[in-house]
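# Topology and contacts: notes
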There are 4 protein chains.
Amino acid sequence: MYPQPAIKRPKTGREVKTEFLEFFPGIHRIEYKPDTPFSSENGLFYRYYNASERIHGRTMEDWLRPAIFLGKAFTPNLYSCIKPWNDNSQTLDNYKKGIRAMFELCIKLGVKYWAGYDGDLVPESENFDENQNNLEIIINFVQEYQQKTGIKPLWFGADLKNNSRYVNGAFTNSEASIVTYAGYQVKQALQIANKLGSECFMLSPFQENYGSLLNTDLTKEIKHFAKFIKTIYDQKEKIGYNGQMLMQTVPDEGETTGITQYCRDFFSCTSFLKQFNLDKYFKMNVKPGHEFHMAKLYGLLGSVDVKEKDLLDIKSGIYLLRTVVENGGMAPGGLTFYLPSHNAPFDPKDLIEGYISAIDNYAKSLRIAVKLVNDAQLNKSIQMRYLSFSSGWGARIDNSDISLDDCEEQIKKQEIHSFPQPISSHYEHCLMVVTRYTDTTLKNIFEIEKRD
Amino acid sequence: MYPQPAIKRPKTGREVKTEFLEFFPGIHRIEYKPDTPFSSENGLFYRYYNASERIHGRTMEDWLRPAIFLGKAFTPNLYSCIKPWNDNSQTLDNYKKGIRAMFELCIKLGVKYWAGYDGDLVPESENFDENQNNLEIIINFVQEYQQKTGIKPLWFGADLKNNSRYVNGAFTNSEASIVTYAGYQVKQALQIANKLGSECFMLSPFQENYGSLLNTDLTKEIKHFAKFIKTIYDQKEKIGYNGQMLMQTVPDEGETTGITQYCRDFFSCTSFLKQFNLDKYFKMNVKPGHEFHMAKLYGLLGSVDVKEKDLLDIKSGIYLLRTVVENGGMAPGGLTFYLPSHNAPFDPKDLIEGYISAIDNYAKSLRIAVKLVNDAQLNKSIQMRYLSFSSGWGARIDNSDISLDDCEEQIKKQEIHSFPQPISSHYEHCLMVVTRYTDTTLKNIFEIEKRD
Amino acid sequence: MYPQPAIKRPKTGREVKTEFLEFFPGIHRIEYKPDTPFSSENGLFYRYYNASERIHGRTMEDWLRPAIFLGKAFTPNLYSCIKPWNDNSQTLDNYKKGIRAMFELCIKLGVKYWAGYDGDLVPESENFDENQNNLEIIINFVQEYQQKTGIKPLWFGADLKNNSRYVNGAFTNSEASIVTYAGYQVKQALQIANKLGSECFMLSPFQENYGSLLNTDLTKEIKHFAKFIKTIYDQKEKIGYNGQMLMQTVPDEGETTGITQYCRDFFSCTSFLKQFNLDKYFKMNVKPGHEFHMAKLYGLLGSVDVKEKDLLDIKSGIYLLRTVVENGGMAPGGLTFYLPSHNAPFDPKDLIEGYISAIDNYAKSLRIAVKLVNDAQLNKSIQMRYLSFSSGWGARIDNSDISLDDCEEQIKKQEIHSFPQPISSHYEHCLMVVTRYTDTTLKNIFEIEKRD
Amino acid sequence: MYPQPAIKRPKTGREVKTEFLEFFPGIHRIEYKPDTPFSSENGLFYRYYNASERIHGRTMEDWLRPAIFLGKAFTPNLYSCIKPWNDNSQTLDNYKKGIRAMFELCIKLGVKYWAGYDGDLVPESENFDENQNNLEIIINFVQEYQQKTGIKPLWFGADLKNNSRYVNGAFTNSEASIVTYAGYQVKQALQIANKLGSECFMLSPFQENYGSLLNTDLTKEIKHFAKFIKTIYDQKEKIGYNGQMLMQTVPDEGETTGITQYCRDFFSCTSFLKQFNLDKYFKMNVKPGHEFHMAKLYGLLGSVDVKEKDLLDIKSGIYLLRTVVENGGMAPGGLTFYLPSHNAPFDPKDLIEGYISAIDNYAKSLRIAVKLVNDAQLNKSIQMRYLSFSSGWGARIDNSDISLDDCEEQIKKQEIHSFPQPISSHYEHCLMVVTRYTDTTLKNIFEIEKRD
C-alpha cells in the first residue's frame, strides 16, 4: 500500500542508560516474555507484543506502528500531584520534564513514535513574543531528544481547541483575526512537523461547530473552513513537507450541549471534503469500529485513535487489525494510544502498565486477526454466503448492466411463482469463531514456546 | 426553487358528505379559528394553520405541504382494538376500511397529501399470485378515492423492511434471489407511484446493514446497493415517471443491537451517493435538525419526516421553516407527519387531535420563522457578527486566494504582537429572540383579529 | 407544606444606586412589562414574571423562589476574557469583584437568593492557613453585601468536587486523611451556611464513585458515606443551624468514563438513604422530570436545579410547576438557575438576557400550570379515566384487602367469560390541552392588560 | 447462603435417545473438550464448561445455574422461517413442537433449567375458555417432559407485556377490569410455577409506566401496584408455593418514546419496594454490572439476565462471578441466557453454537473469577488501599462514633497545617490483573490437561 519507511531500532538489550532512569526508576526495557507466569506483583513484560517478530510477512511493529500521546499524561495539568515529572508550575522546565518522561517511556516500551499538538509543548503565556520564543526553545529540545533516541512523531498538529479564543471556532470563527491567527498557528505547526520529521500532520476540527442556527452563517463558515483546508495543503507543498495530511473526527456529544459539530464523524467529514473536492488531500484519522472499515472501503484510511474502552477491547482490536492486514498495513499512519483513560492521580508504574496492557491487547488482536485472514474454512464460508452471485443471473447482478425489468423476468419465469426465502447469516457461528480463535491462539503460543 | 405544482383545493365549506362521516362521525372540516377560547372539551379547530392564507408570498399550504402517513394508524396491526376501521382481520376489506379512514381524515384536516409504502396497502399473503392480485385491486381502489377527493401521495415507496425476507438486507442481501425480488418490488412500486401521481418516490434503506464484519463482504454489498440505486433511477426514466427520487436515512440504534446501518444519517448516505456518483439522482428525506440544514447547504433538500418529539416541538419547527423559507420552499417534498407517536390504543378523536396539534405547531412555527427572516435587526446582528470579513484583509479571506504566509504577515505587521480576542456569540440573546417572537407573534395574531 | 419564611423586599422603583451600576452599566431593575412590543434590540423586561403578583393564593416569587448560581458565571475561570468582573487573576480582589457582580445581577433581576459552594468564593491556595484566612475575609464580605441588599443563599454547600484530592471520592475515599478533611470542610460550610442564613444546606456527592470493582471495597465505602451523612446531620443540630438538608443527584455519564456513581439519580440516592435509615434527615435536590414527580410522591421534594435545555423548555416548566402548585410550594427549596449554559465568552448583557429568558419561562409555566390545576374539565377527565375504581369491585381494589382469588371470582362470575378491553389514554388530547393552554394563557394575559 | 437444592443429573454419556434427535439432528450431548484444536468447521464442544467439575468448593453447574429462555427462540414468531420446530401456524401443535425443541436443546447442552412466561406457551386466542383449556393441555405436556428429563424452570412468570390490553399498564392500568385480569393471570401463573416446581417466580413490570403526567394519577397507580405485589405474595403463601419471588427491572428507553417506567432499574424498584415495606418479599432480577453488585450489597441479589452484548463479554462475566463467588452462590436464582441476540432467521446449529459460546464465556469467567478471589496479592493490595482505616483515627472512622469536630481536631493537631494528598487508585494495574489472569488461566488449563 504505502512504501514502508525504514525505522532504526535502538540498540536492544534489557538495560537503559542512566539518563533514562529518571522518572520510571528501576524499570528497564519491557521485554517479550510470553511464558512468564503472571502474578499480580509483576506484570512489566509483554505477553504478545514482540516488536521484531515477523507475522504475515511483516514485523509486528510495522503492523501496529504504536504511538504514545503526549498531551494526556505528560503535559502539566490539574491531576498531576503524584507524577515525578510535574511540580505543577507553568514553566518551561516543567514542560521539559514531561517531554523527557515521555521519551523515557517510549524507550522502555520499545515504541518508536510519539504524537501531539503544539499546545502540549509550552506553557500558556499571554505574551505573544515570549510564547514564540518558548516554542522555539522546546522544539530544539525535542529535536535533540529525537536524535538521541531515534523516536519521532507519528503525527503532529496545531492545538486549535484548548485556548478560549477558539471556543466559537478556529477556521469557522466569526472573527477574521481569530481565523487568521489559526492559519498562522497551523503554518508554524507545519514547519515543526517538517523539522521533527513527523510522519503525518493532523487537522483536528474540535471547535469547528456552532451554538445556534440563529446567529450563524453556515454557508460562510463552511466556505472559510474549506478554503483553509486547501490553503493548509498548499502550504505543506510549498515548504516541501511530505507527511500525510490527516483529518480527525470530533464526536458530537448529543444535543444537550447546544453545540453542533460540523465534522462529527467519518461521514460528515467525508461529505464535506468531497463537496469541496478536498478528499484527495486528506486521509481520515478515526476510531476503531464501523467508520474505520468504511474508511478503508472509501480509500481514506489514515490513522487510528485508541482510547478509553477501546484500549483493552479485544474485539475492537481483532476487527481493526483484520482490516489493517487486508489493507496491507496503514503506514504512514498507525495506532495512537491515549493514556491514562481517566483524570485521577496515577503512579508512573500505573501508566506504564496501562501502556503495556493496551499494546499487548492490540498485539494479541493482531495474532488472532492473522489467523482469521488465513482461515480457509472461514473464507470459504463467506464465499458460500454470496455463492448465488457467482454464476448465472446472480453473476449478472454482480458484473453486468441489469434493469428492474430483468428482475421481473427472473421471477416470472418460475413455473410456480413464489417468494424468495431468507437464509441464516450464521451470526452466532461467526462470533464463536472469534472467541475460539482467541482461546486457541493463546494456546498455540504457549505450546510453540514449550517446544523451543 | 421548484416550479410549484397546481393543487386543486376541494370545495371549501364546513360540512363533508355523508360518505366521509364514517370513521370520525360528527367531525366535519377542521376550520381556522384563531380567536376561539380554548376549553379542554373542544379543541377541534386550527389556531394557526390557515391553508389558503398567503404569508411571505405563498400560501401556508404551499410552505408546509403536509402529508398524512398511512402506515402508522391505518394499516391493521396489533394495537388496533378500538379503531372503528379495523376488525383485526388480515382481509382486503379491512385494509380498504383503513384507506377510506385515511382519506376521510385528509378531507377533514384539509390535507392534500398522503404518504406510504406498498406493504401498508395489502395483507401479507404467502401466495405470490394472490398478493399480486390484491395489490392491483387496492391500487384501483386508492385511485378511485384519489379522483373523488383530489388527494394524492406526497411520496410512495416499496416496503423493504417489514417482511422477514429482508432482515439481512434488501439490495445488500447475500442471496441473489432476495436482491432480485427487491428489484421487482421496487419496479412495481415505481409503476404505482406513477399511476397514483405521487410527487416523490421514497427509497428507504431500513435493512441495508450488517450484523458482523466477519461474515460480510462489505465491498460486494455496497457495490450491489449502488448498482440498484442507479438501476432504479433508470427504470423511473424508462417508464416516464417524473417524480423526485428521495432517499431516507435510517438512524443506527447504537451498538447494542449488533447491527450496523450503511445509511445511518444524512452524511453516510451522502458520502455513499457521492462515492458512486449517484448524488445527482436523489435528494434526501431527513428529520428536522442539523442534518436538515446541511441538506439545504449541500443542495440535497428533499423532504422531511416529522415524528415523535418533533411533532409538537416549536423550536424544531421554527428552525426548520426558517430554512424552508430561505430555500424558497421544498416542493415537490413536504412535511410527512407520523401519528400516533405511541403504540397504545387510541380513539379516532385522539388521532385527529394529534394531527391538529402537529400541523398547528408547524403553522405557528412558520409564522414565527417568517418574522425571523424579515427581522432587519436580527439580520443586521448576524452581519455584524461577521463584519470583520466584509472589508480589508477579512474580505480577502472571504473572496480571494490567500496563503498561510499571508496570515503570518497580517499578524507580524502589528506594532506590538498580540493574540486575537474572542467575542461573545450572543447565544442567550438569540434564544431570547426566538422565545420573544414566539410570544409576540401570538399576540400580534390576536390583535390583528381583534381589529377585523 | 412548609411555613413560608418572610422575605423583606428591597425598595421597589426602577433605578438602582450607583454602587450597583458597576458591572451591568445602564441597566436598572428589570420590570414586568407584559405589553411591550418586542424588538430584537430591547428585551430587558419580563413579560411573565411579576414577582409580587398573587396567583393561586401566593405571590409568583413565593412559588418560584428563584436563585442565581454563583459558580458558573462569577467565579474567575478560563472563559472569562470579556467579563468586566474578571481580570483572570487568582486573587481575593478578583473573587470579590465576581461576588459584587452577582449581587448586582440579583438586584436588577429582583431575585432574593443566590446559591453556591465554598470553593467558588476563594482562590485555590496550597497554603492551608492562607486559605482559611481568605475564606474568613470573603464570608464577611458576602455577609456585608447580604445585609445591604436583603439577599441570602437559597442553599450553600461544600465543594467536594473540583479539587484533585477528591477525584477518587470525598467520604468514599480510600484515604482516611481525605475523608477527614472532607468532614472538616463540611463542618466549616455548615458554619458558613448558618452565619449567612442559608435556607438549605446542599450535599453534592459528585465524586462518590468508583473506577473499578477490582480495587474497591464497596461495602466499606458506602458504610463510611452513610456514617458521615449522619455525622453531618448531627453537626447541623449541634450548632443549631435550622436550614433544610438537601442531597443532590449526580448523573452517571455512561460507561465510557469507566467511573460509576453511587448516587446517580433520585432512586439510587433514595435507596441508599433508606437502607441506612437516613431518609428522614435529607430531602432531594433534583432536576425537572420524572424524578421530580417521584420525589413529591415519596415526600422527599427538596429543591430543583434548572440548567441547560431545561432553562427555556416550557414543557419542563409546566409539568414541574403543576406539581409544585399541587404540593403547596417547595419552600425552603426553590429553583436554582445555572447560567450561562455554555463555556463560551459572554457579554454581561447576554448573561442578564439569559436569566430573564429562563425566569420568564418558569413564570409563564406557572401561569399555565395554575390553569391546568384549576381546569375542572381536565380534572374530571382524569377522574373519568380511573372511574372504574370509584365504586363496586374497583373501589374494593382501591380501598380494601383483596386476594388474587377475589380477582378470579370477579372474572368467572361473568356469564360469558371474556377478556377485558383496553381503552385509550387520550395521550394526544392531553398534549393538545397543554399546547392550547400555552397559547390561550398568553392571549388572556394580553386581554386582561388591555382592559385595565 | 441458600441451601443448595439437590439436582439429579441425567445419565451422562455422549448419545441422546432418538426421541431427542428431532430438531437438532446429528447433535448429541455437548462435551467438555478443553484440549480439542479448534477449526471453524467444528465448535460443538465446551472448552471451559465442565458441569460436574468442582471449583472453589462447588460444581461449576452449582455456581452458574444456567437456564434457557423459552420465548426468544421457541415460541412461534415472525422470524421463524428456517426453524424446523415452527411451521408459522398459531396452533397448539406448533407450540408443542417449540417446547420439545427446547427440551432437546437443554439435554444436549447439559442444562437443567428453562425459564419463561405463560404467554410463550400457548397461541393467542380471543376466546377466553379456549385459552384456559389450551393452557391446561400445554402445562401437562410440559410437566410430562420435565419428568422425562429432570429439567425444570429456574423461574416462571405471567406475561403482562405482549397483549395489547396491558399497553397502558397491568397493575397500574386505569381500568379496574384489566387490573383484575392481571391479578387472575398471576394467580394462574403461580399455580403453574408451583405445579412445575419452578425455583423462582418472576414479576416483570414491563408495562408499569405512564405516557403523560397530565392524564395520570401517579399516586393511585403506584398504590395499586404496591397492593398487588403484597397480594401476589400472600397468594404464594396461601397455595404453599415455596419458590423465591423475583422482580425484574425494565430499562427506560430514553425520553424519545414519551413513556416513563416506574421500575426502570434496580434503584427505582428498590426505592418503591422499600417505600411500601415490600422489600422483604422480593429479590431482584438484574443484568450484569453496577446494579448487580449493589443488589448483593443491599442483600437483594435474586437472579441474572444474560442477553445481548453481555452474552460474550468476558469482563461482564468475571465481575459478575467474582461477586457470585463472594456471595456463596446465588441459588435459587441463576443465569438466564436469552438467545438469539437478534431477530434474523437462524439455523438450529447457530442457536446451539450461540448457547455454547455464552455458557462457555461464563464458565471461563468463573475460572478467572475464582483466581481473583484467591489471589492473596490482589486481596492484600485492596487492603493496603484502605490501610489508613485499620488503626488509629482511621479505625475510629470505621468503627466508632465520630463528629465533624473530631475531624477538625485531627487536622488542627498537625504542627504545620496542610492539605491531605490524593493517592493513585492503581486503576491501570487492576485492569492489567484481569487481562493477565484471563490469559494465564487459559494457559494453566491447557497445562494441567497436558499433565493428565
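Residues numbered from 1 in each chain as written. Chains lettered and ligands numbered in written order. Predicted model: local features only at pLDDT ≥ 70, side-chain atom pairs only at ≥ 80, totals over all residues.

### A look at the sheet that holds strand β3 (residues 66–69) of chain D
Residue and element names in this part refer to chain D.
- The eight strands are arranged β3-β4-β5-β6-β8-β10-β11-β12 in a closed barrel whose pairing can be described as parallel. Shown here is a sheet whose adjacent strand axes are inclined to one another by a mean of 30°, direction ignored.
- Pairing geometry for strand β11 (residues 301–306) and strand β12 (residues 335–337), over three bridges, is parallel. Bridging across to β12, Val 304 finds its partner in Leu 335. (Pairing = 2+ DSSP bridges. Helix = DSSP H or I, 4+ residues; strand = E, 2+ residues; numbered from the N terminus. Axes fitted to C-alpha atoms, helices over the stretch in contact; angles between N-to-C directions.)

### Remarks on the relation of the copies chain C and chain B
- Mapping chain C onto chain B is achieved by rotating through 180° and translating by 0.0 Å along the same axis, at an RMSD of 0.1 Å. When the rotation and shift are considered jointly, the pair of chain copies conforms to a two-fold rotation axis.
- Counting the interface residues of chain C, we find that 100% of their copies in chain B are interface residues as well, pointing to one common contact surface. (Least-squares fit on C-alpha atoms with pLDDT ≥ 70 in both. Contact = placed C-beta atoms within 7 Å.)

### Looking at the relation of the copies chain B and chain A
- With an RMSD of 0.0 Å, chain B superimposes on chain A once it is rotated by 180° and translated 0.0 Å along the axis.
- Looking at the interface residues of chain B, 100% of them are also at the interface in chain A, so both copies use one shared face.

### Structural notes on the packing of helix α5 (residues 176–196) of chain A against helix α13 (residues 404–412) of chain B
- Where α5(A) contacts α13(B), the axes come no closer than 8 Å and their chain directions differ by 115°. Helix-helix and strand crossings are classified by hand; for α5(A) and α13(B) the assignment is left-handed. Each of A:Thr180, A:Tyr181, A:Gly183, A:Tyr184, A:Val186 and A:Lys187 in α5(A) lies in contact with α13(B), whose residues at this interface are B:Leu404, B:Asp405, B:Cys407, B:Glu408, B:Gln410 and B:Ile411.
- A per-class count over the contact of α5(A) with α13(B) returns six nonpolar, three polar and three charged. (Left-handed = near helix turned anticlockwise from the far one by under 90°. Nonpolar A, V, L, I, M, F, W, Y, C, P; charged D, E, K, R; others polar.)

### Here's the deal with the interface of chain B and chain A
- Facing the 75 residues of chain B at the interface are 75 residues of chain A.
- The leading source of residues in the side of chain B that touches chain A is helix α5 (residues 176–196) of chain B, at ten residues.
- Looking at the side of chain B that touches chain A residue by residue, the classes come out as 35 nonpolar, 28 polar and twelve charged.

### Concerning the interface of chain C and chain B
- Listed by partner, the interface residues are 45 residues for chain C and 45 residues for chain B.
- Looking at the side of chain C that touches chain B, the elements with two or more residues in it are α10 (348–374), α11 (376–385) and α14 (427–451) of chain C.
- In terms of residue count, α14(C) provides more of the side of chain C that touches chain B than any other element does, 14 residues in total.

### Observations concerning the packing of helix α9 (residues 314–326) of chain B against helix α10 (residues 348–374) of chain B
Residues and elements named next belong to chain B.
- Orientation of α9 relative to α10, taken along the N-to-C sense of each, is 55°, at an axis distance of 7 Å. Put simply, α9 runs oblique to α10. The chirality of how α9 crosses α10 is right-handed. Where α9 approaches α10, its residues Ile 314, Gly 317, Ile 318, Leu 321, Arg 322, Val 325 and Glu 326 are matched on the opposing element by Asn 361, Tyr 362, Lys 364, Ser 365, Leu 366, Ile 368, Ala 369, Val 370, Leu 372 and Val 373.
- Class assignment of the residues belonging to the contact of α9 with α10 gives a composition of eleven nonpolar, three polar and three charged. (Parallel < 35°, antiparallel > 145°, perpendicular 65-115°, else oblique.)

### Observations concerning the pairing of strand β3 (residues 66–69) of chain C
All names here are of chain C.
- In β3, alternate side chains face the same way, and those of Pro 66 and Ile 68 on one face and Ala 67 and Phe 69 on the other are all buried.
- Two elements, β3 and strand β4 (residues 113–117), share three bridges in a ladder whose sense is parallel. Following the sheet pairing, Ile 68 is matched in β4 by Trp 114. (Buried ≥ 20, exposed ≤ 12 C-beta atoms within 10 Å, placed from the backbone.)

### Observations regarding helix α7 (residues 266–275) of chain B
- With nine of ten residues buried, α7(B) is to be regarded as a mostly interior element.
- Along α7(B), the residues that are buried comprise B:Phe266, B:Phe267, B:Ser268, B:Cys269, B:Thr270, B:Ser271, B:Phe272, B:Leu273 and B:Lys274.
- Tucked inside the fold, the buried residues of α7(B) contact α7 (266–275) of chain A together with β8 (244–248), β10 (283–286) and α8 (290–297) of chain B.
- Two residues or fewer after α7(B) comes B:Asn277, characterised by a positive phi angle close to 55°.

### Digging into the domain arrangement of chain A
- By domain assignment, chain A separates into domain 1 (18–31 + 45–366) and domain 2 (376–451).
- Relative placement of domain 1 of chain A and domain 2 of chain A: their C-alpha centres are 38 Å apart. (Domains from an automatic or database assignment.)

### Quick look at the sheet that holds strand β8 (residues 244–248) of chain C
Residue and element names in this part refer to chain C.
- Strand order in the closed barrel made by the eight strands is β3-β4-β5-β6-β8-β10-β11-β12, with parallel pairing throughout. When strand polarity is set aside, the average angle formed by the axes of neighbouring strands in this sheet is 30°.
- Pairing of strand β6 (residues 200–203) with β8, which is carried by four bridges, proceeds in the parallel orientation. Note on β8: the bridge partner recorded for Leu 203 is Met 247.
- Each of β3, β11 (301–306) and β12 (335–337) is contacted by α10, which is oriented at about 155° to β12, the strand it contacts most.

### With respect to unusual backbone geometry
- Cis geometry marks the peptide bond from B:Ala331 to B:Pro332, where omega comes out at 10°.
- By the secondary structure assignment, B:Pro332 is in the loop between α9 and β12 (335–337).
- A cis amide bond links C:Leu339 with the next residue in sequence, C:Pro340, at an omega value of -5°.
- Within the secondary structure, C:Pro340 sits in the loop between β12 and α10.
- Residue B:Asn88 is not a glycine yet carries a positive backbone phi of 70°.
- Within the secondary structure layout, B:Asn88 lies in the loop between α2 (70–74) and α3 (92–109).
- Although it is not a glycine, B:His426 adopts a positive phi angle of roughly 55°.
- The topology assignment puts B:His426 in the loop between α13 and α14 (427–451).

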